[in-house]
Amino acid sequence: MRTYNLISVVEGSCALEQSGLDTAKRFRILKSHEIKTLKAFCDIMRSKGCGFLQFDGYFVGYSIEQIGKEFDLLRFGDENILNIELKSELNEDVNVEEKVHRQMKKNYYYLKFLGKPVIILTYVENKGFYKYDIDNDSIIRIYAGEVLKILTYQNVDYGADPDSLFAPSNYLVSPFNSTDRFINNEYFLTPGQQNAKKEILNEMSEHPFMLSCISANAGTGKTLLLYDIAKELMQMGKKVLIIHCGKLNEGHERLNIKYNWNIISISSIVRVNDYDCIFVDEAQRIREGQLRGIIGKAMERKIPAVFSYDVKQYLRTGETCDVSEYLTKNYPDVFLSSKVLKNKIRTNKSMASFITNLMNIGKSHDSLDYSCVTVEYINGHNEIKNYINFLRNSGWMPITYTTSKYNKDPYDNLTDISDKTAHSVIGQEFSKVVFVMDGNFRYCEDGRLQVQESYYSADGMLYQIVTRVVNELKIIVTGNPELYYRLLEIKSMGG
């Protein structure tokens, strides 16, 4: 990315506007009304003595990758970070200061993770300038002369690369791994999540009994969305039951005990006479009888039921279920709402590309940097256990495979490397994940990963493990030189 001089942005955009060329819109950085506001901002600041120096070094209309959070003007300095938001003249019935304050607070949340002092200003056309008072979480009116000082005294860092500075993982909160932050609303939903939430809540108000589905791949924030909607309904006085299709984790227990939530495992369905709505998470693992039972109880109570699921995530052959298709077929007379989240926000593009190639070599053609993944080779079971313990103490989360309690399983020799299994981490996320691949894995000639099947689906468990990662993935190979070679080949495919 490159920075712009604001005078050039204004004059270049005006030149394109006047050119009359059909293709001019392709080269505009800002929309027409945004250029108008930026021009008004520049005119005021030029009248106070601003020159090209003060107008230089800005990222214009920058958006954080994967999250969709956009800043109008962003400039990085050696000592601080400057953000300026531009607003056209607002209608008289709009509370200007409330709207400005809300946006400034949100912008500070995103910028504070960069580790430098943050200055946030807003210019409202024909209203003037506002500055965010971070210490008091309030806004104050300031004059153009004060803005001039801020622009003049910032020593611009022209080498700053916002794409490398903003880590999406800083802004992605798990209800289970960051429970207190979730409860304290220290997170924001993406535009896609916000739209789905708004639609579901509106539909619930119109249809006392309805069925709703939220489907998405791993890393799209479907669980956060489900729990966020549940939390808002609870704040409205509704009694909400959440059914988790798996074992409850520590985060579930914390929500139940510390914050008085009502979360149960699918294996312990209770009476729902006292509940106003039912939420079902990881519904791809639900069995038909359980699904019918939940819908039957919702029908009796005339209350909504919301299902969140990913058909790609399953841990037992035949377990996966497209709930929306099933409901459409079997309950045609019931109002059904289906939402699909598409953009991955937890897993970065490089990680997503590597995982795709891990499951099927060459399926992802993106030439991306795979430095977020390391592949290592260790011989000897005790050596692996010792290395895993070392990594655990360094912040890595080791995850292994779930095996049969009743019969001998091909993955039995890997069970004692960690107490976290593919089943126990459902719905959770970890910054750094490490796991082991042995002789049970090999690649076919066409590049597909072939696994030795067991009581649970091995490829389903593998997919569950690798999609828990946020930042770094480490694969330890043992007793399988050919697999090690193929994984290194995948690594080399990165740009």
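These numbers come from a predicted model, not from an experiment.

### Here we look at the confidence of the model for the chain
No. 1: Residues with a pLDDT of 70 or more make up 91% of the chain, whose mean pLDDT is 87.
No. 2: Within the chain, the element-level pLDDT minimum falls on helix α1 (residues 6–19), averaging 84, and the maximum on strand β4 (residues 118–124), averaging 97.

### Topic: the sheet that holds strand β10 (residues 277–281)
No. 1: Spatially, 6 strands are ordered β9-β8-β10-β11-β7-β12 in an open sheet, and the strand pairing comes out parallel. Two strands in the sheet have a free side with no partner beyond their single neighbour: β9 (263–265) and β12 (336–341). The average angle at which neighbouring strand axes cross in this sheet is 20°, direction not considered.
No. 2: Sheet analysis places strand β8 (residues 240–244) next to β9, joined by 3 bridges and oriented parallel.

### Regarding unusual backbone geometry
No. 1: Positive phi is not limited to glycine here, since Asp137 has a value of about 50°.
No. 2: We classify Asp137 as partly exposed; its relative accessible area is 30%.
No. 3: Phi is positive for Glu282, which is not a glycine, with a value near 55°.
No. 4: Checked against the element boundaries, Glu282 lands in the loop between β10 and α10 (288–301).
No. 5: For Glu282, a relative accessible area of 3% puts it in the buried group.

### Some words on helix α12 (residues 349–359)
No. 1: Of all 11 residues making up α12, 8 are buried, and the element is well covered by its neighbours.
No. 2: Taken together, the buried positions of α12 are occupied by Ser350, Met351, Ala352, Ser353, Phe354, Ile355, Asn357 and Leu358.

### Describing the sheet that holds strand β2 (residues 70–76)
No. 1: Strands sit in the order β1-β2-β3-β4-β5-β6 across an open sheet of 6 strands; the sheet is mixed. Of all the strands in the sheet, the pair left with one neighbour each is β1 (59–63) and β6 (138–142). Between one strand axis and the next, the sheet turns through 35° on average, direction left out of account.
No. 2: Pairing of strand β3 (residues 81–87) with β4 involves 7 bridges; the strand directions are parallel. Its bridge partner lying in β4, Asn83 is registered against Ile120.

### What to know about the layout of surface pockets
No. 1: When its volume is computed, the largest pocket comes out at roughly 1,100 Å³.
No. 2: As for the largest pocket, its lining consists of 38 residues, and the residues nearest its centre are Arg102, Gln103, Lys106, Phe188 and Gln194.
No. 3: At 8 residues, helix α3 (residues 96–111) tops the list of elements feeding residues into the lining of the largest pocket.
No. 4: When the residues that make up the lining of the largest pocket are grouped by side-chain class, the tally is 12 nonpolar, 10 polar and 16 charged.

### Overview of the environment of Val436
No. 1: Looking at where Val436 falls in the secondary structure, it is placed in strand β15 (residues 430–437).
No. 2: A sequence separation of 326 residues divides Val436 from Tyr110, and the C-alpha atoms of the two residues are 35 Å apart.
No. 3: Sequence-distant contacts of Val436, defined by excluding residues within four places in its chain, comprise Ile384, Tyr401, Leu414, Ile417, Ile476 and Thr478.

The rules we used
Residues numbered from 1 in each chain as written. Predicted model: local features only at pLDDT ≥ 70, side-chain atom pairs only at ≥ 80, totals over all residues. Heavy atoms only, no water. pLDDT = per-residue confidence, 0-100. Helix = DSSP H or I, 4+ residues; strand = E, 2+ residues; numbered from the N terminus. Pairing = 2+ DSSP bridges. Axes fitted to C-alpha atoms, helices over the stretch in contact; angles between N-to-C directions. Buried < 20%, exposed > 50% of the residue type's maximum accessible area, 1.4 Å probe, protein only. 1 Å grid on protein atoms, 1.4 Å probe; cavity = no way out; pocket = protein on both sides within 12 Å on 5 of 7 lines; lining within 4 Å. Points joined across faces, edges and corners; volume = space filled by probe spheres on them. Nonpolar A, V, L, I, M, F, W, Y, C, P; charged D, E, K, R; others polar. Contact = heavy atoms within 4.5 Å.

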